[in-house]
Amino acid sequence: MLQQVMTKPGEIIFREVPIPEIREDQVLVKIMNIGICGSDIHVYHGKHPFTKYPVTQGHEVSGVIEKVGNAVTEFHAGEKVTIEPQVFCGKCYPCRHGKYNLCEELKVMGFQTTGTASEYFAVDASKVTPIPEDMSFEEGAMIEPLAVAVHGVKQVGDVKGMNIAVLGAGPIGNLVAQAAKGMGAAKVMITDVSDLRLEKAKECGIDVCVNTLHTDFGDAMLEAFGPDKADVIYDCAGNNITMGQAIKYARKGSIIVLVAVFAGMAEIDLAVANDHELDIKSTMMYRHDDYIDGIDLVNNGKVHLKPLISKTFDFADYLKAYQYIDENRETTMKVIINVQK
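A brief structural summary. (Residues numbered from 1 in each chain as written. Predicted model: local features only at pLDDT ≥ 70, side-chain atom pairs only at ≥ 80, totals over all residues. Heavy atoms only, no water.)

### Concerning helix α8 (residues 240–249)
So, step 1. Buried within α8 we find Thr242, Met243, Gln245, Ala246, Ile247 and Tyr249.
So, step 2. Where α8 is buried, its residues meet β10 (163–167), α7 (217–225), β13 (232–235), β14 (255–258), α9 (270–275) and β15 (279–282).
So, step 3. Measuring from the side-chain oxygen of the N-cap residue of α8 to the backbone nitrogen of Ile241 gives 3.0 Å; that N-cap residue is Asn239. (Buried < 20%, exposed > 50% of the residue type's maximum accessible area, 1.4 Å probe, protein only. Helix = DSSP H or I, 4+ residues; strand = E, 2+ residues; numbered from the N terminus. Contact = heavy atoms within 4.5 Å. Polar contact = N/O pair within 3.5 Å; in protein donor to acceptor, adjacent residues only side chain to side chain.)

See below:
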């Protein structure tokens with residue numbers, strides 16, 4: 001089979017390797033689609049702090065089970081699936097308490113261990129989640145980023161009836177806004193400086209879409225929600241400007257959730273956060289229940305994934321996909337790799 005390898009930043013080769021043998025507790029997945037995310041782009045540019053080269057990428061994925069191990073009873077050949085890419089120890093404090101997404105030894109396929117960018121991939125059955133038969137493979141490859149969004153939304157508990165503000169309308173911000181609305185939020189506002197991304201958010205059913213190049217975030221909050229402002233602000237852009245906006249304009253005693261990853265050290269006004277008794281939370285990846293809830297949201301028509309797909313590339317054109325993203329940074333949401341022709 002063919003396997004993708006990024007040998008160094010900006011360089012991708014393909015090598016012929018044997019189709020992997022599976023253990024009795026594993027399944028062999030025929031890989032169909034792979035999504036490229038922001039972290040993959042960091043690897044492409046040599047800016048991911050926890051990835052060494054060479055590395056086979058691929059962690060947003062969909063496929064079909066080709067074969068099951070002798071001890072696997074919950075899956076069968078021909079079943080459509082996605083793969084949860086976390087590799088965790090199961091022994092540390094977070095793992096023992098159900099928070100394996102925070103494992104002290106956490107590795108992620110495509111970064112610290114071999115990813116799914118091959119024609120076939122052997123994986124523990126415990127890391128496989130079925131997707132509905134009528135869900136497209138493109139959508140199946142986007143369940144992973146949706147799970148990130150679902151897990152982020154859940155950091156405040158039940159959002160039913162809440163007013164929600166989301167800063168940043170990129171793929172994760174869009175999905176956080178959709179997930180919050182799909183999970184029962186009363187009203188959702190999303191902000192960005194890109195009209196194209198805001199149009200995508202509007203297409204996906206977000207209530208209020210604001211370009212903060214032209215409208216002050218504080219004014220937008222008051223117009224959208226009135227003097228009580230938002231119950232929760234999710235920062236999905238992750239920079240000093242957006243976190244500064246969140247802290248400055250948050251209702252006293254409300255919640256800010258940092259979903260995005262800061263590129264460097266943050267410079268934020270913790271004096272105001274302290275004075276306003278703001279609850280600042282963070283979120284890390286997802287767990288299995290977030291996959292299940294994300295799939296349900298798509299299945300019930302509450303989250304729309306297809307509008308986020310900007311372009312697809314064949315497996316052999318993996319490098320061209322990155323080049324396309326670099327050349328169209330402002331207009332690209334999600335790029336998908338078609339592994340099988």
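Now, onward.
### Section: the pattern of salt bridges
So, step 1. For the structure on display, the rule yields 15 salt bridges.
So, step 2. The shortest N-O distance in the salt bridge between Glu60 and Lys334 comes to 2.9 Å. Of this pair, Glu60 sits in strand β4 (residues 60–68) while Lys334 sits in strand β17 (residues 334–338), and the two are 274 residues apart along the sequence.
So, step 3. Relative accessible area serves as the criterion here: at 4%, Lys334 is assigned to the buried category.
So, step 4. Measuring nitrogen to oxygen at the nearest pair gives 2.6 Å for the salt bridge that ties Asp326 to Arg329.
So, step 5. Since its relative accessible area comes to 40%, Arg329 is described here as partly exposed.
So, step 6. Overlapping salt bridges, with partners in common, bring together Lys154, Asp289, Asp290 and Asp293 in one network. (Salt bridge = Lys/Arg side-chain N within 4 Å of Asp/Glu carboxyl O.)

### Some thoughts on the environment of Thr82
So, step 1. Tracing the chain through its elements places Thr82 in strand β5 (residues 80–83).
So, step 2. Given a relative accessible area of 0%, Thr82 falls into the buried group.
So, step 3. Filtering out sequence-adjacent residues up to four positions away, Thr82 remains in contact with Val61, Lys127, Val128, Thr129, Ile131, Gly140, Ile143 and Tyr291.
So, step 4. Within the structure, the side chain of Thr82 is placed 2.6 Å from the backbone oxygen of Val61, a separation counted as a polar contact.

### Considering the pairing of strand β11 (residues 187–192)
So, step 1. The element β11 is largely enclosed, with a buried count of five among its six residues.
So, step 2. Summarising the sheet, β10 and β11 pair through five bridges and their orientation is parallel. The partner of Val166 across the bridge, within β11, is Ile190.
So, step 3. With helix α5 (residues 171–182) bridging β10 and the parallel β11, this β-α-β connection has right-handed handedness.
So, step 4. One ladder, built from four bridges, connects β11 with strand β12 (residues 208–211); its direction is parallel. Looking at β12, one finds that Asp192 is bridged to Asn211.
So, step 5. The parallel pair β11 and β12 is bridged by helix α6 (residues 195–203), and the resulting crossover is right-handed. (Pairing = 2+ DSSP bridges. Right-handed = clockwise from strand over helix to strand, strands pointing away.)

### Let's talk about the state of the cysteines
By definition, a disulfide is the covalent link that joins the sulfur atoms of two cysteine residues.
So, step 1. Applying the stated criterion across every chain yields a total of zero disulfides.
So, step 2. Note on Cys204: no disulfide assigned, nearest cysteine sulfur contributed by Cys209 at a separation of 9.2 Å. (Disulfide = S-S within 2.5 Å.)

### Structural notes on the packing of helix α4 (residues 143–153) against helix α10 (residues 288–299)
Helix-helix packing is characterised by the crossing angle of the two axes and by the distance between the axes.
So, step 1. Contact pair α4 / α10: the axes reach a minimum separation of 8 Å and the direction vectors enclose 105°. One finds that α4 runs roughly perpendicular with respect to α10. Contact residues: Ile143, Glu144, Leu146, Ala147, Val150 and His151 in α4; Asp290, Tyr291, Asp293, Gly294, Ile295, Leu297 and Val298 in α10.
So, step 2. Residues of the contact of α4 with α10, tallied by class, amount to eight nonpolar, two polar and three charged. (Axes fitted to C-alpha atoms, helices over the stretch in contact; angles between N-to-C directions. Parallel < 35°, antiparallel > 145°, perpendicular 65-115°, else oblique. Nonpolar A, V, L, I, M, F, W, Y, C, P; charged D, E, K, R; others polar.)

### What to know about the sheet that holds β15
So, step 1. What the six strands build is an open sheet, ordered β12-β11-β10-β13-β14-β15; its pairing is parallel. Either end of the sheet is taken by a strand with one partner, and the two such strands are β12 and β15. In this sheet, neighbouring strand axes are inclined to one another by 20° on average, regardless of whether the strands run parallel or antiparallel.
So, step 2. Bridge count between β10 and β13: four bridges; the pairing is parallel. From the neighbouring strand, Ile164 faces β13, where its bridge partner is Val232.
So, step 3. Against the sheet, α8 touches β10, β13, β14 and β15, its axis set at about 165° to β14.

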